[in-house]
Amino acid sequence: MSKERLTVAVIGAGGKMGARITDNLIKVEDYELRLVENSPQKKKDIEAKGLELSDMSITVEVSDVIILAVPDTVIGKVSEQVVPQMKSGAVLLTLDPAAAYAGLLYDREDITSVVAHPCHPSVFGKYLTEEEHADFFGGVAAEQDVVIAKYSGAEDKFNAGQEVVRNMYAPVGAIHRITVKQMAILEPTLAEVITCMIGTVFKESLDETVKKGVPEEAAKAMLYGHIQIALSVALKGTNPFSDACMVAIDHGKEAIIKPDWKRVFDDEVLDKVIGDMLHLKEPINH
Ligand SMILES: NC(=O)c1ccc[n+]([C@@H]2O[C@H](COP(=O)([O-])OP(=O)(O)OC[C@H]3O[C@@H](n4cnc5c(N)ncnc54)[C@H](O)[C@@H]3O)[C@@H](O)[C@H]2O)c1
């Protein structure tokens, strides 16, 4: 007996995430996929891939799972438009916790709302093929974990949404079930405020080193190798830092890191960062 086909909609299908997840979801035979996009250029890009576009209102009324792949700044407004038209029992899936955390997601008692964010392939992952090595973002060849949270609704519908998440971010390893608040601590605080920020400091440091007259290739070789060894020592304890290195680390912390930097984990800082990311006029007040 064939399984009943699930109607899955991607709203914002021409965007960065929309295009990525569409590429994975079209491979799933059990899904009737509907793509919605409002930018004329992105519509052309979707059609150029040989894919068909669907009308927003009809799509929303017939879909079992609706993925909002629109910018976080408009998720509140788009959910206000979409959620009242959804069929009872359907699942709304968002790809970032910001709007849910800020209380901007329009909700309804008889739908289930799920947030799922990709972790991206781990720096400590095992990548065997060229394709896996090249897939830094994930969703193509390299396995990545996913974090998922239920914002509201029924557990069986959450499970159906989770299955779509496994397919749209494939190949997926572990799926970590957490709360929306915990996801907000991961993204933006851990992932963006800290980790992405430090990534940009690495790039600026490389530029400064080259300005000092060090040949660029030598600087890159030292930086890339030391990123790997610093992460493996600090996060995996593969071997200790040398005594001299510990002296240098203390100098770096004193010169670069503010003594109270862990305030970025305070709730009011999280509220401020998310409020700024969403361009909110009123502060978030939890
Ligand atoms: N870009 C990333 O690396 C990344 C990673 C993880 C999660 N996310 C999340 O994915 C979501 C989408 O982000 P993105 O970076 O792909 O955004 P994007 O700006 O690249 O794409 C958004 C798309 O939505 C379309 N759109 C906007 N309003 C629409 C509407 N009313 N109807 C139909 N289409 C509409 C836009 O035309 C655009 O094509 C966000 O929640 C974001 O936080 C993004």
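Above this text sits the structure in question.
Read on for a plain summary of the structure. (Residues numbered from 1 in each chain as written. Predicted model: local features only at pLDDT ≥ 70, side-chain atom pairs only at ≥ 80, totals over all residues. Heavy atoms only, no water.)

### Section: the pattern of salt bridges
Here's step 1: If you walk through the whole model with that rule in mind, you get eleven salt bridges.
Here's step 2: In this structure, Glu 32 engages Arg 5 in a salt bridge whose closest nitrogen and oxygen atoms are separated by 3.2 Å. In this pair, Glu 32 sits in strand 2 (residues 31–36) while Arg 5 sits in the segment before strand 1 (6–11), placing the two residues 27 residues apart along the sequence.
Here's step 3: By relative accessible area, Glu 32 is classed as partly exposed at 37%.
Here's step 4: Between Glu 216 and Lys 220 there is a salt bridge, with its nearest N and O atoms 3.4 Å apart. In this pair, Glu 216 and Lys 220 both sit in helix 9 (residues 216–236), four residues apart, roughly one turn of the helix.
Here's step 5: Residue class for Lys 220 comes out partly exposed when judged on its relative accessible area of 23%.
Here's step 6: By sharing partners, the salt bridges in this structure join Lys 150, Glu 155 and Arg 177 into a single network. (Salt bridge = Lys/Arg side-chain N within 4 Å of Asp/Glu carboxyl O. Helix = DSSP H or I, 4+ residues; strand = E, 2+ residues; numbered from the N terminus. Buried < 20%, exposed > 50% of the residue type's maximum accessible area, 1.4 Å probe, protein only.)

### So, the packing of helix 1 (residues 16–25) against helix 7 (residues 155–168)
Here's step 1: The geometry of helix 1 relative to helix 7 is characterised by a closest axis approach of 8 Å and an angle of 100 degrees between their N-to-C directions. As judged from the angle between their axes, helix 1 and helix 7 are roughly perpendicular. Together, Ile 21, Asn 24 and Leu 25 of helix 1 and Val 164, Asn 167 and Met 168 of helix 7 make up the contact between the two elements.
Here's step 2: Partitioning the contact of helix 1 with helix 7 into residue classes produces four nonpolar, two polar and no charged. (Axes fitted to C-alpha atoms, helices over the stretch in contact; angles between N-to-C directions. Parallel < 35°, antiparallel > 145°, perpendicular 65-115°, else oblique. Contact = heavy atoms within 4.5 Å. Nonpolar A, V, L, I, M, F, W, Y, C, P; charged D, E, K, R; others polar.)

### A word on the nonpolar core
Here's step 1: Ile 11, Ile 66, Leu 68, Val 82, Met 86, Leu 92 and Ile 274 are the most contacted members of the largest nonpolar core, which has 33 residues in total.
Here's step 2: Among the elements of the structure, strand 1, helix 3 (56–62), strand 3 (65–68), helix 4 (72–82), helix 5 (98–101), strand 6 (144–152), helix 8 (180–211) and helix 11 (267–277) are those that each provide at least two residues to this core.
Here's step 3: Element by element, the count of residues in this core is highest for helix 5, at four residues.
Here's step 4: In contact with Ile 274, not counting residues within four places along its chain, are Ala 98, Tyr 101, Ala 102, Ala 184, Pro 188 and Ile 284. (Core = buried A, V, L, I, M, F, W, Y, C linked by side-chain atoms within 4.5 Å.)

### Some remarks on the site of the ligand
Here's step 1: Around the ligand, a shell composed of 20 residues is seen, among which Gly 15, Lys 16, Met 17, Glu 37 and Asp 72 lie nearest.
Here's step 2: Backbone polar atom of Gly 15 to an oxygen atom of the ligand: 3.2 Å apart, as the coordinates give it.
Here's step 3: At 3.5 Å from an oxygen atom of the ligand is found a side-chain nitrogen or oxygen belonging to Asp 96.
Here's step 4: In isolation the ligand exposes 840 Å². Once the protein is present, 81% of that is buried.
Here's step 5: Among the elements of the structure, helix 1 and helix 4 are those that each provide at least two residues to the shell around the ligand. (Near = heavy atom within 4 Å. Polar contact = N/O pair within 3.5 Å; in protein donor to acceptor, adjacent residues only side chain to side chain. Areas by Shrake-Rupley, 256 points an atom, 1.4 Å probe, with all protein chains shown as cover.)

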